[in-house]
Amino acid sequence: MARKVRNGILYVLGAVIICATLYHLFLYDGATISAVSYHVNPSPTIQSNSFSTSAAINAIHENLTASIPPHVGPLVTPSLVASRSVSTTSILLPGWEVLVIVSPEDTKLLESDSDEYECLFNTNEVSPAKSAGFLPFPNRATFKCVLPVRIRQRRPFKQPILKKLLANQPEKNYPPLLLLWTFIVYDSLTTENDVILFVKGVNNRQGTNRDPKEFRCVFGNGVINGVKTPVTASMQEVFRCQRPEPTAVSAVGQQIDVSIEIIAENRVVPSVAYYTPPRSLEKGPQKSLLCACTMVYNMAKFLKEWVMYHSKIGVEKFLLYDNGSDDNLTKVVEELVKEGFDVKTYFWFWPKTQEAGFSHSSVYAKNACTWMIFIDVDEFVYSPSWHRSPRPSKSMLQSLISPEKVSTKLKLGQYSINCHEFGPSNQRTHPVMGVTQGYNCRRKYENRHKSVTLLSAVDDSLINAIHHFGLRPGYKTRKLRTKDMVVNHYKYQAWPEFKVKFRRRVSAYVLDWTKKVNPKSKDRTPGLGFSPTEPNGWHQKFCEVHDDELKELTRKWFGNKSRLGFQMPWQMTTTNNGFHKP
């Protein structure tokens, strides 16, 4: 009898624990945020505030402030900062990072605001909000914060409120769900002829692209009579569609959201993109013959060497797609511009979108640049024949692409250049005199290649494999011999620099190195595991051939003696506040 009583008590306690756990996971949100509220004026197209399938496809337009019409732009989440209403959109990125995007209207109010902010989540937990820069077209302030650990087990995730540090907590809150980075329209670019959308989560597999007829572009999806146009191309994360008639969108509003509709599913992909007037890279007095494009994340310490070197051998303009850098990139770019270099930065925060970023650049820079070389900041183009020259010359690269050499009849659209991959070369920290001086030991055989591309020859689909493009019918790619030209890729650097690559790979179709999948991928480093742990003898790895050729050449071209000894013009020393010239 006693055993039955004890068993009964245990059953009751177990039931209480289970109920408490379920309450904690599923009902706790509403209990803890009863003192917080949004002033909700839903879009007329939304029938329910529950996150059903139909509501999910319109999540982009839920919970708009009464002061902002539903058609003005993408998803806006009202939050109270001090006594002022601020509208934001939040996206959950890889690594539990939350990107908070302020609406264009409220960005104007924040531009003169120097206060610190924090993200307030629906469990009353807060996370510091760090300014992440401004998304262009239209101008929108962004903040980064981290999703608190305790919330990560409580799905679905809710959007945070952006509030001033130490400000009073808003009164009440019914937050919508966080947009997920795995399924979203994240950017757009309008040309004279069409609109290009950049979309995650539709064409998921490399080499497998859905038929354009399966989609429509939707302009002003928050409006009952949103305008729809056919999709003309669907390749990787790039979708092209017809521009709407001006009269058709005139009633939608000045700032119009744009997205993709999956016709068979009657579903619109959530979006933070806007339909804007055509735009392109500033051309300057005349069109540049050769430009360079790269995507950067915290590469300020490498930038001057890369720009100074390549500008002397023929690159006229540099276009940097900033992938959310939080070093002193802006300061270094400003210094380069003051010194006369043509360097432009395009804020491209989106993670794992290198292919899409380069697709964007091939259109965005087309009016300003005839040819574009796609290389990283740790890559330097070099020819052994240049040793005969006492000084660098712009003709060294431009002679390859001069109109006399590239005839219309030949239809040459791209050069392919092999890469030499350099190892740590006994370096344990970043070499003070730069990568060309510090790394001089490499692997024996070439691996991978980079390209110089005629932008007018790029295929309309904009398909590319990171550093080379598909070309229009009739155009050809010419592969250069290594003895004529090569790219020195300072890939395996001193461990403190190299381990940063574990943060995230930039390609959409390459797994991050922390993922324990596909260990034999060519993108992975031989002998390296799945965590940023320095292997024994790292500083001596990948050293099969001692190669001082570019080291000696750059010393001859750029080196000079000073009171501090032999120095390179880009040489910098580190301080607690960043970098400065010695």
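- The protein carries the name Glycosyltransferase family 92 protein in an unreviewed UniProt entry, which gives Fraxinus pennsylvanica as its organism.
- Regarding the protein, the UniProt comment filed under Subcellular location (unreviewed entry) reads as follows: "Membrane".

## Topic: the nonpolar core
Next up, step 1: Judged by nonpolar contacts, the single largest core of 56 residues is most densely connected at L303, W306, Y309, V381, W386 and Y415.
Next up, step 2: A per-element tally of this core places helix 5 (residues 300-312) first, with seven residues.
Next up, step 3: Once you skip the residues sitting within four places of it in the chain, V381 turns out to touch Y309, H310, I313, I373, I375, W386, L397, I417, M485, V486 and V487.

## Description of the pattern of salt bridges
Next up, step 1: Within the structure shown, the criterion is met by 22 salt bridges.
Next up, step 2: Of the charged contacts, one joins E237 and K200 as a salt bridge, the two residues approaching to 2.8 Å between their closest N and O atoms. Here E237 is found in the loop between strand 12 (227-235) and strand 13 (238-242), whereas its partner K200 is found in strand 10 (residues 194-200), with 37 residues between them in sequence. The residues E237 and K200 share a single accessibility class, namely buried.
Next up, step 3: The partner of E379 in a salt bridge is K450, and the shortest N-O contact between them spans 2.0 Å. Residue E379 is located in strand 21 (residues 379-382), and its partner K450 is located in strand 24 (residues 449-454); the two are separated by 71 residues in the primary sequence. Across the pair, exposure class does not vary: E379 and K450 are buried alike.
Next up, step 4: Connected through salt bridges with shared partners, the residues K130, K144 and D326 form a single ionic network.

## A word on helix 5
Next up, step 1: Across the 13 residues of helix 5, 11 count as buried, placing the element largely inside the fold.
Next up, step 2: Within helix 5, the full set of buried residues consists of A300, F302, L303, K304, E305, W306, V307, M308, Y309, H310 and S311.
Next up, step 3: G314 sits one or two positions beyond helix 5 and adopts a positive phi of about 130 degrees.

## A word on helix 6 (residues 329-338)
Next up, step 1: All buried positions along helix 6 are accounted for by L329, V332, V333 and L336. End-on, the buried residues of helix 6 take up no more than an arc of 100 degrees, which puts them together on one face. Along helix 6, the residues that are exposed and aim more than 90 degrees away from the buried face are T330 and K338.
Next up, step 2: Those residues of helix 6 that are buried lie in contact with strand 17 (288-296), helix 5, strand 18 (317-322) and strand 19 (343-347).
Next up, step 3: Remark: G340 follows helix 6 within two positions and exhibits a positive phi of approximately 100 degrees.

## Points about the packing of aromatic side chains
The geometry of an aromatic ring pair comes down to the distance between the two centres and the angle between the two planes.
Next up, step 1: Throughout the structure, instances matching the rule amount to 36 aromatic pairs.
Next up, step 2: Ring centres of Y186 and F198 lie 6.4 Å apart, and the angle between their planes is 40 degrees; this geometry places the pair in the tilted category. Placement of the pair is Y186 in strand 9 (residues 184-190) and F198 in strand 10, with a sequence separation of 12 residues.
Next up, step 3: Aromatic ring contacts, followed pair by pair, group Y309, F380, Y382, W386, F422, Y439, Y490, W557, F558 and W570 into a single cluster.

## Brief notes about the packing of helix 5 against helix 11 (residues 549-558)
Next up, step 1: Their axes nearest at 12 Å, the elements helix 5 and helix 11 cross at an angle of 80 degrees. By the angle between their axes, helix 5 is roughly perpendicular relative to helix 11. Between helix 5 and helix 11, the contacting residues are M308, Y309 and K312 on the first element and L550, T554, W557 and F558 on the second.
Next up, step 2: A class-by-class count of the residues in the contact of helix 5 with helix 11 yields five nonpolar, one polar and one charged.

Procedures and definitions
- All chains use their own residue numbering, which begins from 1 and follows the written sequence.
- Local features in a predicted model are, by the rule used here, given only for residues with pLDDT of at least 70; side-chain atom pairs are given and counted only at 80 or more, and totals for whole chains, interfaces and linings are based on all residues.
- Note: side-chain values were computed over all heavy atoms of the structure, leaving out hydrogens and water.
- UniProt positions are given in the numbering used here, feature names are shortened, and annotations may be inferred rather than shown by experiment.
- Put simply, buried Ala, Val, Leu, Ile, Met, Phe, Trp, Tyr and Cys residues joined by side-chain atoms within 4.5 Å make one nonpolar core.
- For every residue, the accessible area obtained with a 1.4 Å probe (protein chains only) is divided by the maximum for its type, and the residue is called buried under 20%, exposed over 50%, and partly exposed between those limits.
- Each helix corresponds to a stretch of at least 4 residues labelled H or I by DSSP, and each strand to a stretch of at least 2 residues labelled E; elements are numbered beginning at the N terminus.
- By the convention used here, residues are in contact when the closest approach between their heavy atoms is within 4.5 Å.
- Any carboxyl oxygen of Asp or Glu that lies within 4 Å of a side-chain nitrogen of Lys or Arg is treated as forming a salt bridge with it.
- Here the arc refers to the directions that run from the helix axis out to each C-beta atom.
- We call Phe, Tyr and Trp rings a pair once their centres come within 6.5 Å, taking the six-membered ring for Trp, and we label the pair stacked below 30 degrees between planes, edge-to-face above 60, and tilted otherwise.
- Fitting a line to C-alpha atoms yields each axis, with helices limited to the stretch in contact; the angle taken between N-to-C directions then spans 0 to 180 degrees.
- Roughly parallel means an angle under 35 degrees; roughly antiparallel, over 145; roughly perpendicular, 65 to 115; everything else is oblique.
- Three classes are used: nonpolar for Ala, Val, Leu, Ile, Met, Phe, Trp, Tyr, Cys and Pro, charged for Asp, Glu, Lys and Arg, and polar for all others, with Gly counted as polar.

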